[in-house]
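# Summary of the model geometry
Chain residues, written in single-letter form:
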Amino acid sequence: MMRIFDPHIHMTSRTTDDYEAMAAAGIRAVVEPAFWLGQPRTSVGSFVDYFDALLGWEPFRAAGFGVRHHCAIALNPKEANDPRCREVLDLLDRYWAKDGVVAVGEIGYDSMTPQEDEAFALQLAKAREHGLPALVHTPHREKPAGTRRSLDVVRESGTAPGLVLIDHLNELTVAPVLDAGCWAGFSVYPDT
Amino acid sequence: LSDLWRTDMAARVLLLTGPRSRGPEPMLRLYRHGTTDERLAVLLALDIAEDADASLVALNQEALRSNDTRLIAAALGTFAARWLGAEEFRQAVLKCAFCGVPFRQIAGLPDPKDAEQGESEYGESEHCESDRADAALAGMLATFARERVAAGRDVPDDVWPVLRRFPGAVAESGLLAEPSAPDPLRAAAARRALDSYHRPEGR
């Protein structure tokens, strides 16, 4: 059977039935990037518990199905806009140093606000500092503009494009990403 | 070396118990901010550090609230056998029975062969670090065994050495009447369980 590595899946919102189906299909390793949970967080504490679950419970749960679980850690662009959440940026260094944290992500844009600009650039710089690749989420709305702007930020950061995966691409955004030398990701949604 | 005592784990434990790492603060901080491997190292270090502060049993208690069987097993070493309260210890043993952590990994439960040599000497009021099995624990395990049997399921073998020392707990649980249950699956599970209870392995 073909062995599959899934580089972008949010197992936190998945059942054990899904792990069983994934293992049966040949998935042996995954990366779970940190993101939003649907309900906006309102404090740093809920990030800490979430990150700890990505490093603790979730790998344990995955191992029960023979799946190696890794994660990417970051403040996501949606919640970078809430001043109550931004303080988590001060805690991220300790996570980026951990075994099992294989990337900085998801970073990038949601609504392309100045707060998102700042969190994106800062965390890209941190990725360089920690020698980690970066996983960049592109926005659902204004995707072509958001993708171009993300590529600008990557270029300005001085990060090697080969260490950056730009994800959620579509027909209009794949070409500029490949031209820039970044990895093109197709974690896509049924309707967006 | 073993699955748990890998080289990296031994290195972590050495760092935690070495001369440069004294007092409860580093252990507390590493546990609170640690990955599972780092947390396991803290729990292992507690058994080794001679001067481990009793207040750190809060970390064992936290690990025992988790559902990660590696953390649960590592949280039941000699440090826990010394400092966990009686009811906490019983609940922890029951949790091990429930989630399949082998009893041989629990400090405070004697090796079954040694323990079964003599009469059970320790009542509920006494506290012996090397043998914390008591009638109350046996009562909980017997009830657990009966619940499993009533569902037609098998009972983990680890409970029997404890239950043989406290036959009163088994009688009180109603387990002995289960073979006459009308449901054939339930009655069969009861017979399997009582066979194991009456016929200790290796005898």
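See the structure printed just above.
This text gives an overview of the structure that appears in the document. For clarity, every value in this text was computed on a predicted model and none was experimentally measured.

Within chain A one finds 8 helices and 7 strands. Each principal axis of the C-alpha atoms in chain A carries an extent, and together these give about 40 × 35 × 30 Å. For chain A, with 192 residues in total, the buried portion stands at 48%. Within chain A, counting contacts between residues at least 6 apart in sequence, those at least 24 apart form 68% of the total. Accessible surface, chain A: about 9200 Å² in total, of which carbon and sulfur atoms supply 57%. Side-chain charges of chain A comprise 18 positive and 27 negative groups, with the mean position of each set lying 2 Å from the other.

Residues and elements named next belong to chain A. For the pair helix H6 (residues 114–130) and helix H7 (residues 143–157), interaxial distance at closest approach is 10 Å and the crossing angle is 45°. Classified by the angle between their axes, H6 and H7 sit oblique to one another. Crossing of H6 over H7 shows right-handed handedness. For the pair H6 and H7, contact is made by Asp-117, Phe-120, Ala-121, Leu-124 and Arg-128 and by Arg-149, Ser-150, Val-153, Val-154 and Ser-157, respectively. When grouped by side-chain class, the residues that make up the contact of H6 with H7 number 5 nonpolar, 2 polar and 3 charged.

If you look at the interface, chain B gives 12 residues, while chain A gives 8 residues. Summed over both partners, the interface of chain B with chain A comes to about 780 Å²; 49% of that surface belongs to carbon and sulfur atoms. Linking chain B with chain A are 3 salt bridges. Residue B:Glu38 pairs with A:Lys98 through a salt bridge whose shortest N-O separation is 2.7 Å. Among the secondary structure elements, those contributing two or more residues to the side of chain B that touches chain A are helix H2 (24–33), helix H3 (36–48) and helix H5 (69–74) of chain B. In terms of residues, the side of chain B that touches chain A owes the most to one element, H3(B), which gives 3 residues. Among the residues making up the side of chain B that touches chain A, the classes are represented as no nonpolar, 6 polar and 6 charged.

Definitions and limits used
- Residues numbered from 1 in each chain as written.
- Chains lettered and ligands numbered in written order.
- Predicted model: local features only at pLDDT ≥ 70, side-chain atom pairs only at ≥ 80, totals over all residues.
- Heavy atoms only, no water.
- Helix = DSSP H or I, 4+ residues; strand = E, 2+ residues; numbered from the N terminus.
- Buried < 20%, exposed > 50% of the residue type's maximum accessible area, 1.4 Å probe, protein only.
- Contact = heavy atoms within 4.5 Å.
- Areas by Shrake-Rupley, 256 points an atom, 1.4 Å probe, with all protein chains shown as cover.
- Lys, Arg positive; Asp, Glu negative; His and termini not counted.
- Charge placed at Lys NZ, Arg CZ, Asp CG, Glu CD.
- Axes fitted to C-alpha atoms, helices over the stretch in contact; angles between N-to-C directions.
- Parallel < 35°, antiparallel > 145°, perpendicular 65-115°, else oblique.
- Left-handed = near helix turned anticlockwise from the far one by under 90°.
- Nonpolar A, V, L, I, M, F, W, Y, C, P; charged D, E, K, R; others polar.
- Buried area = accessible area lost by both parts, 1.4 Å probe.
- Salt bridge = Lys/Arg side-chain N within 4 Å of Asp/Glu carboxyl O.

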